[in-house]
Amino acid sequence: MLRTVRDCRRNVVNSRSMGQDMKFLITGGAGFIGSAVIRCLIADMNHDILNVDKLTYAGNLESLTAVADSAQYAFAQADICDPEAMRRQIAGFQPDVIMHLAAESHVDRSIDGPLPFIQTNIVGTYTLLEAARTFWSSLPDAAQSRFRFHHISTDEVYGSLGATGSFTEDTAYDPSSPYSASKASSDHLVRSWHRTFGLPVVITNCSNNYGPYQFPEKLIPLMILNAIEGKPLPVYGKGDQIRDWLYVEDHARALIAVATKGKVGHTYNIGGHNERKNIDVVQTICRILDAFAPDHPPGVDRYESLITYVNDRPGHDRRYAIDASKIEHELGWTPCETFESGIRKTVEWYLGNRPWWSRVLDGTYRRERLGLGTGV
Ligand SMILES: NC(=O)c1ccc[n+]([C@@H]2O[C@H](COP(=O)([O-])OP(=O)(O)OC[C@H]3O[C@@H](n4cnc5c(N)ncnc54)[C@H](O)[C@@H]3O)[C@@H](O)[C@H]2O)c1
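Notes on the structure in this doc start here. (Residues numbered from 1 in each chain as written. Predicted model: local features only at pLDDT ≥ 70, side-chain atom pairs only at ≥ 80, totals over all residues. Heavy atoms only, no water.)

### Looking at the pairing of strand 11 (residues 267-270)
- Going residue by residue along strand 11, you find Thr 267 and Asn 269 tucked away on one face and Tyr 268 and Ile 270 tucked away on the opposite face as well.
- Sheet analysis places strand 6 (residues 201-206) next to strand 11, joined by 4 bridges and oriented parallel. The residue of strand 11 that forms the bridge with Cys 206 is Ile 270. (Buried < 20%, exposed > 50% of the residue type's maximum accessible area, 1.4 Å probe, protein only. Helix = DSSP H or I, 4+ residues; strand = E, 2+ residues; numbered from the N terminus. Pairing = 2+ DSSP bridges.)

Right, dumping it as structure tokens:
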């Protein structure tokens, strides 16, 4: 399944197959995955980008400093729940593609306080769909058939797997958390706007992402940063939950392929063929840190000694695994990184980019335990 970097660039360059440079309106572009998509679109192509982001705690324009001065890039601070702002941004920019990534994205936060998830992920997606439909309806025929609304979603909508099998595009939805239920709702809304109103949509459901610029409440950056500061590494339950990990830049390339070459009305599952138990992920990070950051914090001889088992997350899904054969066969996308290469790059990135994450941690987030359902 491994491909060379040159093959990966070809994945992206081929996405010009629609024939010309295009205008991408990206919601949530200041987040972890959205910023990777924008960096990728600007590095490899000549498309114009409008990043529409509310800048919640998870949005960080410092993830976009590499592209901020590009003539291809513009930013608008706006809430996807605001119908007038969405109408104005879409009408002003005249996008060929809307890639919708803006969301509340952390499962633990959805357990402590589900309302923002209902508001942004469901009501916000509805609001954006209506603004997109108004705009699309007003376009001439050629522009209408070129237009795409791409909803970026998660494999968590499918619920939990047993010991074998994997999620396909036909797996029935069975979400477990307020987060995954809100994403399932938004998937249904997007699909219905296609079936009912003819809006040309594509949907992607992806497995767990990791890589540079991820907000440190998520498993991998949390473990890296806690370890280098000698803090406990909290592993939920026995750490035997299995996730299918995908390097964020591989996801970004997959999203661009679907947005530009995907079939209207279709869903594409995206995954990395990298199933790992959470405890194995944490132990791998510890071993890489032993090699790359050998000056351990005081009193720590091996980073693994910091692992602490804590109460499991309520409703914690056991196993996710993605069958990504549709996107591989139809659009020619495959991941470039193995888990081993991607996790090494990620640890090195966090070690080399202390100013980025120090400023993130200067905000309100203090790496406290979230998601026990005790409210916020
Ligand atoms: N992270 C993963 O592993 C993963 C996997 C599969 C799918 N997804 C999906 O991909 C998308 C992006 O995920 P991420 O990890 O980059 O999330 P993130 O939390 O890092 O970023 C979300 C971005 O959305 C913005 N935002 C939130 N509410 C908004 C609103 N009301 N209006 C405008 N902007 C708003 C935030 O400011 C932030 O920049 C989400 O839809 C998520 O469900 C994530």
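### Examining the pairing of strand 6
- Counted residue by residue, strand 6 has 6 buried out of 6 residues, so it is predominantly covered.
- Burial along strand 6 is two-sided: the face carrying Val 201, Ile 203 and Asn 205 and the face carrying Val 202, Thr 204 and Cys 206 are both buried.
- Relative to strand 6, strand 5 (residues 148-154) is paired through 6 bridges, and the arrangement is parallel. Paired with Phe 149 across the bridge in strand 6 is Val 201.
- Chirality of the crossover, the property in question, places the unit of strand 5, helix 7 (residues 178-197) and strand 6 among those that are right-handed. (Right-handed = clockwise from strand over helix to strand, strands pointing away.)

### Comments concerning the sheet that holds strand 3 (residues 73-77)
- The strand order across the open sheet formed by 7 strands is 3-2-1-4-5-6-11, and the pairing between neighbours is parallel. Two strands lie at the open edges of the sheet, namely strand 3 and strand 11, each paired on one side alone. Strand after strand, the sheet turns through a mean of 20° between neighbouring axes, direction not considered.
- Taken together, the 4 bridges between strand 4 (residues 97-100) and strand 5 define a ladder with parallel strand orientation. Looking at the pairing, Ile 98 lines up with Phe 149 of strand 5.
- Of the strands in this sheet, strand 1 (23-27), strand 2 (48-53), strand 3 and strand 4 are in contact with helix 3 (residues 83-93), which crosses strand 2 at around 175°. (Axes fitted to C-alpha atoms, helices over the stretch in contact; angles between N-to-C directions. Contact = heavy atoms within 4.5 Å.)

### So, the nonpolar core
- Ranked by internal contacts, the top residues of the largest apolar core, which has 37 residues, are Phe 24, Ile 26, Val 37, Met 99 and Ile 327.
- Aside from chain neighbours lying at most four places away, what touches Val 37 is Ile 26, Met 99, Ala 252, Leu 255 and Ile 256.
- Ranked by size, the runner-up nonpolar core spans 35 residues in total, among them Met 223, Ala 227, Val 282 and Leu 361. (Core = buried A, V, L, I, M, F, W, Y, C linked by side-chain atoms within 4.5 Å.)

### Digging into the site of the ligand
- Contacts to the ligand come from 28 residues, most closely from Ile 33, Asp 53, Ser 105, Tyr 179 and Lys 183.
- Taking Phe 32, its main chain carries an N or O atom lying 3.0 Å from an oxygen atom of the ligand.
- Measuring from a nitrogen atom of the ligand, one finds a side-chain N or O atom of Asp 79 at 2.9 Å.
- Look at the ligand: alone it shows 830 Å² of surface, and the protein chains cover 96% of it.
- Elements supplying a minimum of two residues to the shell around the ligand: helix 2 (32-44), strand 5 and helix 7.
- The greatest single-element share of the shell around the ligand, amounting to 3 residues, is contributed by strand 5.
- In the shell around the ligand, the residues fall into 13 nonpolar, 11 polar and 4 charged. (Near = heavy atom within 4 Å. Polar contact = N/O pair within 3.5 Å; in protein donor to acceptor, adjacent residues only side chain to side chain. Areas by Shrake-Rupley, 256 points an atom, 1.4 Å probe, with all protein chains shown as cover. Nonpolar A, V, L, I, M, F, W, Y, C, P; charged D, E, K, R; others polar.)

### As for the side chain of Thr 346
- Mapping Thr 346 onto the fold places it in helix 12 (residues 339-352).
- Once residues lying within four places of it in the same chain are set aside, the contact partners of Thr 346 are Tyr 210, Gly 211, Ile 220, Ile 224 and Tyr 247.

### Digging into the packing of helix 8 (residues 219-228) against helix 12
- For the pair helix 8 and helix 12, interaxial distance at closest approach is 10 Å and the crossing angle is 50°. With respect to their mutual orientation, helix 8 and helix 12 come out oblique. The crossing of helix 8 and helix 12 is right-handed. Residues Ile 220, Pro 221, Ile 224, Leu 225 and Ile 228 of helix 8 form the contact with helix 12, whose own contacting residues are Phe 339, Ile 343, Thr 346, Val 347, Tyr 350 and Leu 351.
- For the contact of helix 8 with helix 12, the residue count by class is 10 nonpolar, 1 polar and no charged. (Parallel < 35°, antiparallel > 145°, perpendicular 65-115°, else oblique. Left-handed = near helix turned anticlockwise from the far one by under 90°.)

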